[in-house]
Structures are given as C-alpha cells and as structure tokens.
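# A look at the structure
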Amino acid sequence: MVENIKVNKLPSKTWYWLGVNDSSLAWDKENTVNLNEENIVSVENSTDNIIKAEVIGEAQYSAKSFKITAHAGSDVTVFETYRTDKNLLVDTKINIEKGARVKLVQLNLTGKGSTVYSKVDADINEDGKFEFVQLFLGQGDQYLDCKADLNGDRSFVKADMAYIGQDSQRIDVNFVANQFGKNTESEINTDGALKDAATKIFRGTIDFKQGSSDSVGNEMEKVLLLGDDVVNKTIPIILCAEENVVGNHGATIGDLDADTLFYFESRGINREEAQNIMLRANVEHVASLVNDDEFESIVKERLEEVL
C-alpha cells in the first residue's frame, strides 16, 4: 500500500508556512524489492581503493543498502550510479575510523517518471575525512538526506553537489553537518540550475555542538533560475551551542547577469547557448573533483543528452 512517509526533516524547525520543515514521499513499503544482499565494503589499512557499484531498479519500488567501513589510516573511493525508470531507495551507512578517508560519489542517471531517495549517514572519527560528491543529471525526482557526524577532533567533511532541474522535476535536499569534536571543519557547496517548471529545496545545516570549540563551518549555494515557472527554496541554517566557532553561509540566486550576457552576445552566442555553457561548466567542475576519467566521460556524455 502506498503511503506518505516524512523525509528530509530539518533538525530545527522554521516557519510552517514556508513548507520546508520536511517533505512527504509516496512509498509502498510492503512491496519494495530489496536488490541483492547488503553490499558491505570494509577497507583495511591501505590506500587508493576504488569501488564502483551500479544500482538498477527495475521493480516499481526497489531498495539497496550499502555499508562502508574505512579502518584506521585507510582510503577508499566509492562510486554509486543510479539507473531506473521507477522508484529507488538507496541507504548508505559510512564509518570512518581514525585518520581514514572516504570519498562517496553518487551519479543520478534516472529516467522520466522515476523517484530516487538517497539516504547517507556518515560517522567521522578523529582525523577522519569524508568527501561527498553528488551529480543529479536524471530526468525524474531526486530526494537526498545526508547526515555527517563529526565525532572526533579534527574530523572533516566536504560536500560538492551539482544538479540540473528541468521540466517539472523536483530536487529535494537536506544536508546536516553535526560538529561534535574540537577543530572540526565542514564545507557544503551546491551548484545548480532550474529550467522550465522545476522545483528545488535545499536545506543546509551546520550544527556546532557543545564541545566543538575551534571548529569552522562554511556553506555556499549558487542557483541559476532559467525559467519563469521555476520554484527555488534555499534554507541555510547555522546552529550553535559553543562559543569559539566560526560559521558562514551565503547564496547567489538568479539568472545570468547583464555583464555575462553581454560578454557572450558580443561573441555571437545567444542567451540559451550562454546558459548551456554555464551549466556545462558548473557540472564539469564538480565532476573534475572526482579525478576519474571514466566518470568524467559518462558525465560529459549525459550532459550532451540533457542540454
């Protein structure tokens, strides 16, 4: 039976009339098909581990779980690529031990009419690093709920996300960085564009917990609004229970500015072509952070289709 479940809940509620405290997702729990067994990745004390997984959901409702453990001093990059025309839930749990590093790369290549709900929970211990890269180039709806707990001193999280929303797509993101340890650092960067009648909600929360002295948190979002009927909601939140911390947030929202358009038009490039050039550059920049030729090639090929 299909029922509405609450997802992407803000850790601190804001005005209800804004409609951003959480979202409702229609899901059939009883008839969800679990894709194979849990994929458990356990990395010992070694570096340059690369693991690639493609998740294909063929049932009306499918679910996949990943567990990633990076033991002390290890380094692993995990790629998750999503392909479905239906409904897909992916639950990724990450444990990063002392001095370990995990880079999680998610690429959404889903078709029209699909819905993907990706849930990520990361526990980052002393001197651990979590790098998260997500590219949304699908044609369906995307929900992302990511929580990073910086439990250990000097732990670190960096998120880089890019998206292109078109037609009547919905992109719904909730990213929470809970900073518990001392000298922790969080950085959240989002770069996207909305066209036609697409809708996007981005909730970015940096939460300095008691005991997180000398910690720093930064978040920045850039959104290109390229349609008269697009809907954008940007909700940056900084919560603080500690005195000696630094938190910054900012956002740039709007169409291409007059100077940028003049630059392109003086070179014979019209508005639509200029918009596509900027979209391509933003997405390719995030893709380049992965340092994987195969991944960048897939992204560029998809951009040709999308744009």
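All values reported here derive from a predicted model rather than from experimental measurement.

Conventions used here
- Residues numbered from 1 in each chain as written.
- Predicted model: local features only at pLDDT ≥ 70, side-chain atom pairs only at ≥ 80, totals over all residues.
- Heavy atoms only, no water.
- Helix = DSSP H or I, 4+ residues; strand = E, 2+ residues; numbered from the N terminus.
- Rg over C-alpha atoms; globule rule 2.2 N^0.38 Å.
- Buried < 20%, exposed > 50% of the residue type's maximum accessible area, 1.4 Å probe, protein only.
- Contact = heavy atoms within 4.5 Å.
- Areas by Shrake-Rupley, 256 points an atom, 1.4 Å probe, with all protein chains shown as cover.
- Lys, Arg positive; Asp, Glu negative; His and termini not counted.
- Charge placed at Lys NZ, Arg CZ, Asp CG, Glu CD.
- Core = buried A, V, L, I, M, F, W, Y, C linked by side-chain atoms within 4.5 Å.
- Expected span 1.5 Å × (residues − 1).
- Arc of directions from axis to C-beta.
- Polar contact = N/O pair within 3.5 Å; in protein donor to acceptor, adjacent residues only side chain to side chain.
- Salt bridge = Lys/Arg side-chain N within 4 Å of Asp/Glu carboxyl O.
- Pairing = 2+ DSSP bridges.
- Axes fitted to C-alpha atoms, helices over the stretch in contact; angles between N-to-C directions.
- Phe/Tyr/Trp six-rings, centres within 6.5 Å; stacked < 30°, edge-to-face > 60°.
- Lys NZ or Arg CZ within 6 Å of the ring centre and 35° of its normal.

### Quick look at the overall build of the chain
Counting its regular elements, the chain contains 3 helices and 19 strands. In summary, the chain has a C-alpha radius of gyration of 19 Å against a globular reference of 19 Å for 307 residues, a match within 12%. Seen through its C-alpha atoms, the chain measures out along the principal axes to roughly 55 × 45 × 45 Å. The buried share among the 307 residues of the chain stands at 51%. Counting only contacts in the chain whose residues sit at least 6 apart along the sequence, the fraction spanning at least 24 positions is 83%. For the chain, the accessible area works out to roughly 14000 Å², and carbon and sulfur atoms hold 45% of it. The average position of the 32 basic charges and that of the 53 acidic charges among the side chains of the chain differ by 3 Å.

### Re the nonpolar core
Membership of the largest hydrophobic core comes to 38 residues, with the highest contact counts inside it found for I94, F130, F132 and M161. Apart from residues lying up to four places away in sequence, I94 is in contact with I68, V102, L104, V120, D121, A122, D123 and F130.

### Topic: helix α3 (residues 293–306)
For α3, with 14 residues, the first-to-last C-alpha span of 20 Å sits near the 20 Å given by 1.5 Å per residue. Those residues of α3 not exposed but buried are F295, E296, V299, R302, L303 and V306. Looking down the long axis of α3, one finds its buried residues gathered within 125° of arc, a one-sided arrangement. The exposed set on the far side of α3, more than 90 degrees from its buried face, consists of D293, E301, E304 and E305. Where α3 is buried, its residues contact β7 (75–84), β9 (101–108), β11 (129–136), β13 (156–165) and α2 (271–288). N-cap assignment for α3: the residue whose side-chain oxygen lies 3.2 Å from the backbone N of E294 is D292.

### Considerations on the pattern of salt bridges
A complete count under the given rule lists 21 salt bridges for this structure. Here K52 ties to D292 by a salt bridge, and the two come within 3.3 Å at their closest N and O atoms. In this pair, K52 sits in strand β5 (residues 49–57) while D292 sits in the loop between α2 and α3, placing the two residues 240 residues apart along the sequence. A salt bridge links E294 to K52; the nearest nitrogen and oxygen atoms lie 2.9 Å apart. Here the residue E294 occupies a position in helix α3, and K52 occupies one in strand β5, the gap between them amounting to 242 residues. It is possible to trace a salt-bridge network through shared partners that takes in D75, R101, K103 and E131.

### Section: the pairing of strand β15 (residues 185–194)
Most of β15 sits inside the fold, with 7 of its 10 residues counted as buried. Two strands pair when backbone bridges link them, and β13 and β15 are joined in this way by 10 bridges, in the parallel orientation. Bridging across to β15, F156 finds its partner in E185. For β15 and strand β17 (residues 215–225), the ladder comprises 10 bridges, and the chain directions are parallel. By the bridge assignment for β17, T190 is matched with E221.

### A closer look at the sheet that holds β5
With respect to topology, 8 strands assemble into an open sheet ordered β5-β7-β9-β11-β13-β15-β17-β19, the strand pairing being parallel. The open sheet terminates on both sides in strands that have one partner only, identified here as β5 and β19 (245–254). When strand polarity is set aside, the average angle formed by the axes of neighbouring strands in this sheet is 5°. This element, α2, spans β11, β13, β15 and β17 of the sheet and lies at about 150° to β13.

### Looking at the packing of aromatic side chains
A complete count under the given rule lists 5 aromatic pairs for this structure. The interplanar angle of 75° and the centroid separation of 5.1 Å between the aromatic rings of W27 and Y61 together place this pair among those described as edge-to-face. Remark: Y61 occurs in strand β6 (residues 61–70) and W27 occurs in strand β2 (residues 23–28); sequence separation between them is 34 residues. Residue class for W27 comes out buried when judged on its relative accessible area of 2%. On the basis of relative accessible area, Y61 is assigned to the buried category, the value being 11%. Members of the aromatic cluster, joined through ring pairs, are F130, F132 and F175. If you follow K52 out to its NZ or CZ, it ends over the ring of F79, 5.0 Å from the centre. The cationic tip of K64 hangs over the ring face of F66; the distance from NZ or CZ to the ring centre is 5.6 Å.

Any functional reading would require information that these geometric values do not contain.
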